[in-house]
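# Coordinate inspection notes
Here's the letter readout for the chains.
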Amino acid sequence: MALYAIGDLHLSLGADKPMDVFGGPWENYVEKIKLGFSSLHDDDVCVLCGDLAWGMTMEQALPDFQFIEALPGKKILLKGNHDFWWSTVTKMTAMTHGAFEFIHNSAIQVGNVALAGTRGWISETAKTYKEDTDKSIILREEGRMERSLALAKQMKADRIIAILHYPPFDEMRRPSHMMEIIAESGADLCLYGHIHGAPNFKNLPDSLLGVPLCLTSSDYLDFKPYFICDLEAPHA
């Protein structure tokens, strides 16, 4: 049993927005995702780090969920900025017949690892930051991460992994306040997504504030889930 992660699948099986039109690595990307997951086993766990489906509603995104469910492994879902179908955990669980777990104002333990996360937002030092619109969102997302990390700390786990959709740094690769929160929590790995395209993959930080970082965007990972660690039984 092992833990993996991948994000930004951008599936469009129920909506007319296929990523193939962008060409390059996105050509035939659905088949690439299927092939990438083929090395996983049914008892493996894969965290999906946001931007999973283009559907605007749960109903429109159902073909995408059915595709994801059919892939090997258990899946834990986090919200991305394009996941407009995202609803309450109760509704999402019912609509997907309990096929997935969702990290939303919560933490989840898998084996000896506690997973904490939230969508996140742009950094307060980003060039596009506007205080009147972005400050309140950043504060909300930081609060959600703090609550999630607090719940993770209560679990009998050997390590905590923090998960975001947005990167915890700005264009200059300077850590955001969200990154400070993660570092102060004792998390020993931070997963994130959202970044696409070879030019934007340059000079990505391997770590910030002592915490290793891993970009999980599917086109960065060549559509193969990233292996994090083998999972062990939690200690009594």
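Here we summarise the structure given alongside this text.

Each value, and the rule that gives it
Residues numbered from 1 in each chain as written. Predicted model: local features only at pLDDT ≥ 70, side-chain atom pairs only at ≥ 80, totals over all residues. Heavy atoms only, no water. Helix = DSSP H or I, 4+ residues; strand = E, 2+ residues; numbered from the N terminus. Rg over C-alpha atoms; globule rule 2.2 N^0.38 Å. Buried < 20%, exposed > 50% of the residue type's maximum accessible area, 1.4 Å probe, protein only. Contact = heavy atoms within 4.5 Å. Salt bridge = Lys/Arg side-chain N within 4 Å of Asp/Glu carboxyl O. Pairing = 2+ DSSP bridges. Axes fitted to C-alpha atoms, helices over the stretch in contact; angles between N-to-C directions. Core = buried A, V, L, I, M, F, W, Y, C linked by side-chain atoms within 4.5 Å. Right-handed = clockwise from strand over helix to strand, strands pointing away.

## So, the overall build of the chain
Within the chain one finds five helices and eleven strands. Scaling as 2.2 N^0.38, a compact globule of 236 residues should have a C-alpha radius of gyration of about 18 Å, and the chain matches this with 17 Å. Based on the C-alpha atoms only, the size of the chain along its principal axes is roughly 50 × 40 × 35 Å. The buried share among the 236 residues of the chain stands at 53%.

## Describing the environment of Ala61
As for its position among the elements, Ala61 is in helix α2 (residues 58-70). Residue classification places Ala61 among the buried residues on the basis of a relative accessible area of 0%. Each C-alpha atom, one on Ala61 and one on Leu13, is 7.5 Å from the other, the two residues being 48 residues apart in sequence. With near-sequence residues (within four places) excluded, Ala61 lies in contact with Ala53, Gly55 and Trp85.

## Focus on the pattern of salt bridges
Inspection of the entire model under this criterion finds seven salt bridges. Its salt-bridge partner being Glu141, residue Arg119 comes within 3.9 Å of it at the nearest N-O pair. Here Arg119, found in the loop between β6 (113-118) and α4 (131-153), pairs with Glu141, found in helix α4; they are 22 residues apart in sequence, far enough to count as distant. Through salt bridges with shared partners, one network takes in Arg119, Arg140, Glu141 and Arg144.

## Quick look at the environment of Ser217
Checked against the element boundaries, Ser217 lands in the loop between β10 (211-215) and β11 (226-230). Given the relative accessible area of 0%, Ser217 is considered buried. Ignoring anything within four residues of it in the chain, the contact list for Ser217 reads Gly7, Asp8, Tyr192, Gly193, His194, Ile195 and His196.

## Re the sheet that holds strand β3 (residues 74-78)
Ordered by their spatial adjacency, five strands build an open sheet running β4-β3-β2-β1-β11, and the pairing between neighbours is mixed. Across the chains shown, the open sheet's two edge strands, defined by having one partner strand only, are β4 (100-102) and β11. When strand polarity is set aside, the average angle formed by the axes of neighbouring strands in this sheet is 25 degrees. The sheet contact formed by β3 and β4 spans three bridges and is parallel. By the bridge assignment, Lys75 is partnered in β4 with Phe100.

## Thoughts on the nonpolar core
Membership of the largest hydrophobic core comes to 32 residues, with the highest contact counts inside it found for Leu11, Tyr29, Ile33, Phe37, Leu48, Leu77 and Trp85. Counting residues per element, this core draws most heavily on α2, which supplies five residues. Counting residues in each nonpolar core, the second largest holds 24 residues, with Ala116, Leu149, Ile160 and Met179 among its members.

## A short note on the side chain of Thr118
Looking at where Thr118 falls in the secondary structure, it is placed in strand β6. Taking the relative accessible area as the measure of exposure, Thr118 reaches 5% and is therefore buried. In contact with Thr118, not counting residues within four places along its chain, are Leu78, Glu141, Arg144, Met145, Ile163, Leu164, His165 and Met178.

## Examining the pairing of β3
In terms of burial, β3 is largely enclosed, as four of its five residues are buried. Alignment of strand β2 (residues 45-49) against β3, held across five bridges, turns out to be parallel. Bridge assignment links Cys46 to a residue of β3, and that residue is Lys75. With respect to chirality, the unit in which β2 leads through α2 into the neighbouring parallel β3 is right-handed.

## A look at unusual backbone geometry
Non-glycine residue Arg173 carries a positive phi angle of around 70 degrees. Within the secondary structure, Arg173 sits in the loop between β7 (159-164) and α5 (177-185). Judged by its relative accessible area of 23%, Arg173 is partly exposed. The phi dihedral of Phe223 is positive, around 65 degrees, even though this residue is not glycine. Tracing the chain through its elements places Phe223 in the loop between β10 and β11. Residue class for Phe223 comes out buried when judged on its relative accessible area of 0%.

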